[in-house]
Amino acid sequence: MKNYEDDGPWMWVSFAPGCRLILDFVIGPRKQYVADKLVELTIKHLPDKIPLFVTDGLNFYKEALLKQFGVLIEFPRTGKRGRPKKPKIVSSEDLRCAQVVKTRKNGVLEKVEKKIIFGEDIEQSEISTTLLERQNLTFRQDNNRVSRKTIGFSKMKEWLEIQMKLYCTYFNFCRGHGGLRYKDERGVECKNTPAREAGITESKWTLKEILTFRCFKTSIG
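All figures in this text were calculated on a predicted structure; none of them were measured in a lab.

Conventions and cut-offs
- Residues numbered from 1 in each chain as written.
- Predicted model: local features only at pLDDT ≥ 70, side-chain atom pairs only at ≥ 80, totals over all residues.
- Heavy atoms only, no water.
- Patch = residues over 30% accessible without salt bridge, like charges linked within 9 Å, V, L, I, M, F, W, Y side chains within 5 Å.
- Areas by Shrake-Rupley, 256 points an atom, 1.4 Å probe, with all protein chains shown as cover.
- Salt bridge = Lys/Arg side-chain N within 4 Å of Asp/Glu carboxyl O.
- Lys, Arg positive; Asp, Glu negative; His and termini not counted.
- Charge placed at Lys NZ, Arg CZ, Asp CG, Glu CD.
- Helix = DSSP H or I, 4+ residues; strand = E, 2+ residues; numbered from the N terminus.
- Pairing = 2+ DSSP bridges.
- Axes fitted to C-alpha atoms, helices over the stretch in contact; angles between N-to-C directions.
- Contact = heavy atoms within 4.5 Å.
- Phe/Tyr/Trp six-rings, centres within 6.5 Å; stacked < 30°, edge-to-face > 60°.
- Buried < 20%, exposed > 50% of the residue type's maximum accessible area, 1.4 Å probe, protein only.
- Lys NZ or Arg CZ within 6 Å of the ring centre and 35° of its normal.

A. Looking closely at a negative patch on the surface. A contiguous patch of negative charge, built from Glu120, Asp121, Glu123 and Glu126, is present on the exposed surface. The topology assignment puts Asp121 in the loop between β7 (108-118) and α3 (130-142).

Dropping the structure here:
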C-alpha cells in the first residue's frame, strides 16, 4: 500500500491481540506524524521486551517504528574521491515487524500478502490483523459516534476523543469478551475482561467503579 495521505479524520488504534486490550488510539489525518504519535504512545504501555508489530500495508508505521527503534549507522571514509556514503537508520536487532497487505480491485478483495519488514523467526501464523479488524467492527457496533452513514457521528474531534477514551476504558475493564473465557472458583465459565486477562486488574470492574475511580498523581523523582 502506498503512503497516500488523507486529511480526513481517521481512527488509529494499537491493540494487543493476545489479551484483546486496546493499548491506545489517535484520531487524526492519514499522515506520517500521526503514525509517529500512535507508535510513541503505544511504546509507553509496553514491557521491556519489544513485541511483534503487525500492521496493514501502510508504510507510515514502518517509518514510525524506525524512529523509535532504529539505529544510526555511519560509514567510515574510504579515502577515495567523491562524497562519502551518507549515514542511514536501520532497525535494531530485536525489532520485529510484519505487514498484511490486501489488494482490492473495484472494491473486491483479490489478494492477501504477508510481508516480513523487520526481524527474523516470524511465523506466518503470527502475521494477522484479523482480531484488530474485528475490533474495528466492534467499535462501530457499540459506538454510534463512529458508526458509518448515521446521524450520530461526532462533529467535533475534541468530544470524539473524550468519548472514545471512556469507551476504551469501559471495553478494557468492564466488558466481558467472548474470546477470553475462564472458570471461576465455582467452576462456572465466565467472560474475562481484557484488563483482567492482561493482569492489570484482579476483577471485572463495573461502570460505576470506572466513573467514581479517583486518580492520584505520584512522584517518580
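Now that the structure has been shown, we can carry on.
B. Representation of the sheet that holds β7 within the structure. One open sheet accounts for three strands, arranged β3-β6-β7; its pairing is mixed. Among the strands making up the open sheet, the edge pair consists of β3 (52-56) and β7. The sheet shows a mean angle of 15° between the axes of neighbouring strands, taken without regard to direction. Helix α2 (residues 60-69) rests against β3, β6 (96-105) and β7 of the sheet, and its axis sits at about 155° to β3.

C. Here's a closer look at the pattern of salt bridges. This model, assessed by the stated rule, comprises six salt bridges. The partner of Glu189 in a salt bridge is Arg181, and the shortest N-O contact between them spans 3.7 Å.

D. Broad picture of the pairing of β6. Looking at chain direction, β3 and β6 are connected through five bridges and run parallel. Bridged to Val54 within β6 is Ala98. Strand direction decides the pairing type here: β6 and β7, joined by nine bridges, are antiparallel. Bridging from a neighbouring strand, Thr103 pairs with Lys111 of β7. The hairpin turn running from β6 into β7, its antiparallel successor, is two residues long, and Asn106 in that turn takes a positive phi close to 55°.

E. A look at the packing of aromatic side chains. Counting across every chain of the model gives six aromatic pairs. Geometrically, the ring pair formed by Trp12 and Tyr61 is edge-to-face, given 5.6 Å between the ring centres and 65° between the ring planes. With Trp12 in strand β1 (residues 6-16) and Tyr61 in helix α2, the pair connects residues that are 49 residues apart, well separated along the chain. Given a relative accessible area of 15%, Tyr61 falls into the buried group. Centre to centre, the rings of Phe173 and Trp205 are 5.0 Å apart; their planes meet at 45°, and the pair counts as tilted. With Phe173 in helix α4 (residues 157-173) and Trp205 in the loop between α5 (194-197) and α6 (207-212), this pair connects stretches of sequence that are 32 residues apart. Grouped by ring-pair contacts, the aromatic residues Phe139, Tyr167 and Phe171 constitute a single cluster. Of note, Arg30 hangs over the ring of Trp10, and the distance from its end group to the ring centre comes to 3.9 Å. The ring of Tyr182 has Arg196 lying over it, and the distance from NZ or CZ to the ring centre is 4.4 Å.

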